[in-house]
Amino acid sequence: MAAVLDSVRAFFAHSIFTIDAENAGDVVARETLLDRAMGPNRRRKSSEKIRRGRVPAEGLALVARDRDGHVIGTVRLWNIEAGVNADGTAIDALLLGPLAVDASFEGKGVGSALMRAAMLEAKTRGHGAILLVGDAPYYERFGFFAAKAQHLVMPGPFERSRFLALELVEGWLDGAAGMIVPTGRMLTSAPVRRAA
Ligand SMILES: CC(C)(COP(=O)(O)OP(=O)(O)OC[C@H]1O[C@@H](n2cnc3c(N)ncnc32)[C@H](O)[C@@H]1OP(=O)(O)O)[C@@H](O)C(=O)NCCC(=O)NCCS
C-alpha cells in the first residue's frame with residue numbers, strides 16, 4: 001500500500017490534492033461529505049446491504065485531501081463473492097463504492113485519481129475483479145462495463161445498466177453467475193469494560 005500511495009503522492013506533488021489511506025480521524029469528514037454528495041437516501045441502496053456492519057477490504061479505503069489535509073473525496077472497496085463460475089466455485093471480487101468528491105472540487109480530476117489509485121491498489125493486492133453500481137458514462141472510462149456483470153445480481157433492487165464490472169485479471173469473471181454476497185470482516189464493537 002505504502003509504495004502505491006507514495007507513487008500517487010509523487011505524481012500529485014504539485015497538485016491541489018493528494019490521495020491517501022483513510023484513517024480513523026477521517027470518518028466524520030467522510031460521512032459528512034457522503035451525506036452532502038449523495039443525499040439522505042444513500043443508506044437505502046442495495047450496495048449498502050453489502051457494506052453494512054463490515055469493514056472495507058484491507059488497504060482499500062482511500063481519501064483525497066486538499067493542501068490543508070481536509071478530506072475532499074472518498075472511495076472504499078468491499079470484499080464480496082461475485083456468484084460462482086461454471087464449476088460452481090465462488091468467485092472472490094470487490095464491490096466499489098461509494099465514490100464521492102466535494103462539490104467545490106468537482107471536475108478537477110479528484111474522482112479519477114481516487115478510481116485509478118483504488119484500481120492499482122486492488123490489482124497490487126492480487127484482487128481479480130471490481131464491481132459497482134453507478135453511472136456507466138462515468139465508469140466506462142476506467143474500463144467498467146455492464147456486460148461483465150450480466151449474469152450477476154445485487155441483493156435487492158438495482159438497475160441492470162448501472163451494474164458494472166472490471167476485470168483486473170483477464171477472464172476472472174468468465175461464467176460468473178448468481179448473487180453478490182458480502183464476505184468482508186464484520187465490524188467489532190468496542191469492548192465493554194466491566195467492573196472487577
Ligand atoms: C461523480 C464524481 C465522483 C466525479 O468526481 P470528479 O472529481 O468531479 O471527477 P473527475 O474530475 O475525475 O472527472 C470529471 C469528468 O467526469 C464527468 N462526469 C462526472 N460525473 C459524471 C456522471 N455521473 N456521468 C458521466 N460523466 C460524469 C465530467 O463531466 C467530467 O468529464 P470531462 O473529463 O469529459 O470533462 C463526483 O461528481 C461526485 O461526487 N458526484 C456525486 C456523488 C456521485 O454521483 N458518486 C458516484 C456514484 S455514480
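Parameters and conventions
- Residues numbered from 1 in each chain as written.
- Predicted model: local features only at pLDDT ≥ 70, side-chain atom pairs only at ≥ 80, totals over all residues.
- Heavy atoms only, no water.
- Near = heavy atom within 4 Å.
- Polar contact = N/O pair within 3.5 Å; in protein donor to acceptor, adjacent residues only side chain to side chain.
- Areas by Shrake-Rupley, 256 points an atom, 1.4 Å probe, with all protein chains shown as cover.
- 1 Å grid on protein atoms, 1.4 Å probe; cavity = no way out; pocket = protein on both sides within 12 Å on 5 of 7 lines; lining within 4 Å.
- Sits in = over half its atoms within 2 Å of the grid points.
- Helix = DSSP H or I, 4+ residues; strand = E, 2+ residues; numbered from the N terminus.
- Nonpolar A, V, L, I, M, F, W, Y, C, P; charged D, E, K, R; others polar.
- Expected span 1.5 Å × (residues − 1).
- Buried < 20%, exposed > 50% of the residue type's maximum accessible area, 1.4 Å probe, protein only.
- Salt bridge = Lys/Arg side-chain N within 4 Å of Asp/Glu carboxyl O.

Visitor: Requested: an account of the site of the ligand, with residues and values cited.
Guide: The local shell around the ligand holds 18 residues, among which G107, G109, G111, S112 and D135 are the closest. In this structure, G107 approaches the ligand through a main-chain N or O atom, which is 2.7 Å from an oxygen atom. One of the side-chain N or O atoms of S112 is found 2.6 Å from an oxygen atom in the ligand. Starting from 880 Å² of accessible surface for the ligand in isolation, the protein chains cover 63%. Placement of the ligand is best described as lying within the largest pocket. Elements supplying a minimum of two residues to the shell around the ligand: α2 (27-38), β4 (90-101), α4 (110-124) and α5 (136-139). When its residues are assigned to classes, the shell around the ligand shows nine nonpolar, five polar and four charged.

Visitor: Describe α4, and please don't skip the residues or the numbers.
Guide: Between its terminal C-alpha atoms α4 stretches 21 Å, which fits the 21 Å expected from 15 residues at 1.5 Å a residue. Of all the residues in α4, the buried ones are V110, G111, A113, L114, M115, A117, A118, M119, E121 and A122. G126 occupies a position one or two residues after α4 and carries a positive phi of about 90 degrees.

Visitor: Can you lay out the pattern of salt bridges for me, pointing to particular residues and giving the numbers?
Guide: Applying the stated criterion to the full structure yields 13 salt bridges. Linking D26 and R65 is a salt bridge whose minimum nitrogen-to-oxygen distance equals 2.8 Å. On the criterion of sequence distance, the pair formed by D26 in the loop between β1 (17-21) and α2 and R65 in strand β2 (residues 61-66) is long-range, its members being 39 residues apart. Its relative accessible area of 6% is what places D26 among the buried residues. Between R43 and E31 there is a salt bridge whose closest N-O contact spans 3.1 Å. Of the two residues, R43 is situated in the loop between α2 and α3 (46-51) and E31 in helix α2; the sequence distance between them amounts to 12 residues. Salt bridges sharing partners connect three or more residues here, namely E22, R30, E31, D35, R42 and R43.

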